[in-house]
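# Analysis of the macromolecular model
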Amino acid sequence: MSLHSSTLLNEENSQGLRRNTECLESAELQTPSSFQDNPLRQLQLASQEVLEKAKKSGRSKCPRCSSSRMFYCYTCFVPVETVPTKEIPVVKLPLKIDIIKHPNETDGKSTAVHAKLLAPDDVTIYKYPCIPEYEEKRHEIALIFPGPNSVSVKDIVFHLQKYAKKDVCDNDHDCSREPFPKQAKIEPEEEKNLNECISSSRSEGTRLKKIIFIDSTWNQTNKIITDERLQGLLQIELKTRKTCFWRHQKGKPDTYLSTIEAIYYFLVDYHQEILKENYKGQYDNLLFFFSFMYTLIKNAKGCAGK
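The structure reproduced in this document is the subject of the present report. None of the values given here were measured: they were computed from a predicted structure. (Residues numbered from 1 in each chain as written. Predicted model: local features only at pLDDT ≥ 70, side-chain atom pairs only at ≥ 80, totals over all residues. Heavy atoms only, no water.)

The next point concerns the pairing of strand β6 (residues 123-127). As judged from the five bridges shared by strand β5 (residues 96-101) and β6, these two strands associate in the parallel manner. In the sheet register, Asp 98 faces β6, and the bridge partner there is Thr 124. A crossover links β5 with its parallel partner β6, the connecting element being helix α4 (residues 112-118), and its sense is right-handed. (Pairing = 2+ DSSP bridges. Helix = DSSP H or I, 4+ residues; strand = E, 2+ residues; numbered from the N terminus. Right-handed = clockwise from strand over helix to strand, strands pointing away.)

It is worth spelling out the environment of Gln 48 at this point. Within the fold, Gln 48 resides in the loop between α2 (21-27) and α3 (49-57). The class for Gln 48 is partly exposed, based on a relative accessible area of 21%. Spatially, the C-alpha atom of Gln 48 lies 8.8 Å from that of Glu 87, the residues being 39 residues apart in sequence. Setting aside residues up to four positions removed in sequence, Gln 48 forms contacts with Phe 288, Ser 291 and Phe 292. (Buried < 20%, exposed > 50% of the residue type's maximum accessible area, 1.4 Å probe, protein only. Contact = heavy atoms within 4.5 Å.)

Spatial strand order, β6-β5-β8-β7-β9: five strands in an open sheet with parallel pairing. At either margin of the open sheet sits one strand with a lone partner, and together these are β6 and β9 (234-236). Each strand axis lies, on average, 25 degrees off the axis of its neighbour in the sheet, ignoring direction. Two strands pair when backbone bridges link them, and β5 and strand β8 (residues 210-215) are joined in this way by six bridges, in the parallel orientation. Pairing of Ile 100 across the sheet is with Ile 214, part of β8. Relative to the sheet, helix α8 (residues 259-273) contacts β5, β7 (141-144) and β8, its axis offset from that of β8 by approximately 155 degrees. (Axes fitted to C-alpha atoms, helices over the stretch in contact; angles between N-to-C directions.)

In this structure the tally under the stated criterion is eight salt bridges. When the shortest N-O distance is used, the salt bridge between Lys 92 and Asp 122 registers 3.3 Å. Of this pair, Lys 92 sits in the loop between β4 (78-79) and β5 while Asp 122 sits in the loop between α4 and β6, and the two are 30 residues apart along the sequence. With a relative accessible area of 61%, Lys 92 lands in the exposed category. For Asp 122, a relative accessible area of 3% corresponds to the buried category. Across the pair Lys 210 and Asp 98 runs a salt bridge whose closest N-O atoms are separated by 3.5 Å. Separated by 112 residues along the polypeptide, Lys 210 in strand β8 and Asp 98 in strand β5 bring together distant segments of the chain. We classify Lys 210 as partly exposed; its relative accessible area is 23%. On the basis of relative accessibility, which here comes to 2%, the residue Asp 98 falls in the buried class. Three or more residues joined by partner-sharing salt bridges are found here, namely Lys 92, Lys 96 and Asp 122. (Salt bridge = Lys/Arg side-chain N within 4 Å of Asp/Glu carboxyl O.)

Glancing now at the packing of aromatic side chains. A complete count under the given rule lists seven aromatic pairs for this structure. A centroid spacing of 5.6 Å and a plane angle of 90 degrees characterise the contact between Phe 71 and Phe 292, whose relative ring orientation is edge-to-face. Of this pair, Phe 71 sits in the loop between β2 (68-69) and β3 (72-73) while Phe 292 sits in helix α9 (residues 288-303), and the two are 221 residues apart along the sequence. For the pair Phe 71 and Phe 292, one class covers both residues: buried. Counting every residue linked through ring pairs, the aromatic cluster contains Tyr 72, Phe 288 and Phe 289. One cation-aromatic arrangement involves Arg 69 over Tyr 74; the distance from NZ or CZ to the ring centre is 4.1 Å. (Phe/Tyr/Trp six-rings, centres within 6.5 Å; stacked < 30°, edge-to-face > 60°. Lys NZ or Arg CZ within 6 Å of the ring centre and 35° of its normal.)

As structure tokens, this is what we get:
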């Protein structure tokens, strides 16, 4: 997973787009069928007309800090004045997401803000080293990060059970109970209720409630991933997806995803593998900004002969 991400708003890309303004306007007149090599074309997205209008209007003010931005403010996590909030889709997620951002990661290059903009109620962004303590909740939290001990999405429940059983044992002193013959007699109905209580506790403990993503370049990840507050968490690796990110890090495999891609693909896999439900585009709008920028940059590079 590529934890380094970028947007169209960085200076380098902005200069390139200005040089290709006329070319982009011409490209907008082409039919969608002319972009058949776009791997994001099958997404079920809300209308991006609001972004088209904002692009033509140019940069606008952030309603909170008054900074000049395109589309959204990457420090305040809100759309700019030319992008009405009511025209931005809102995505409801099946669990909470914490994004830990490296302090040296450039705000304007991070796609993590897309998640906060599109799923504001379920996403929290922390700037390292100011992150929560996760130890007491490790039976319901997982960290997206590749490594020798990482598991696939489909194996999450199995591995979280290990944490849940240990926690139930520790909290209920289940492991230190006297053998049943030495205990006071328990009526059948009481024993049934007790077993149901323990079973419910363990079942609840195996349900994933929060997922953590690290937002940084690969060279910056070591400082965060080795933090003692993240030790002992179940690690998940996404191995089968390929990035569409336009600023992919050289020397890294195409399975290293940008932050918003990793969030999106994890949720799709989680929906199918853990929730056991058919995926019908419920989280596609997480790529609302990403897909729009992908198309603009792809067209600009095409017009420049790259």
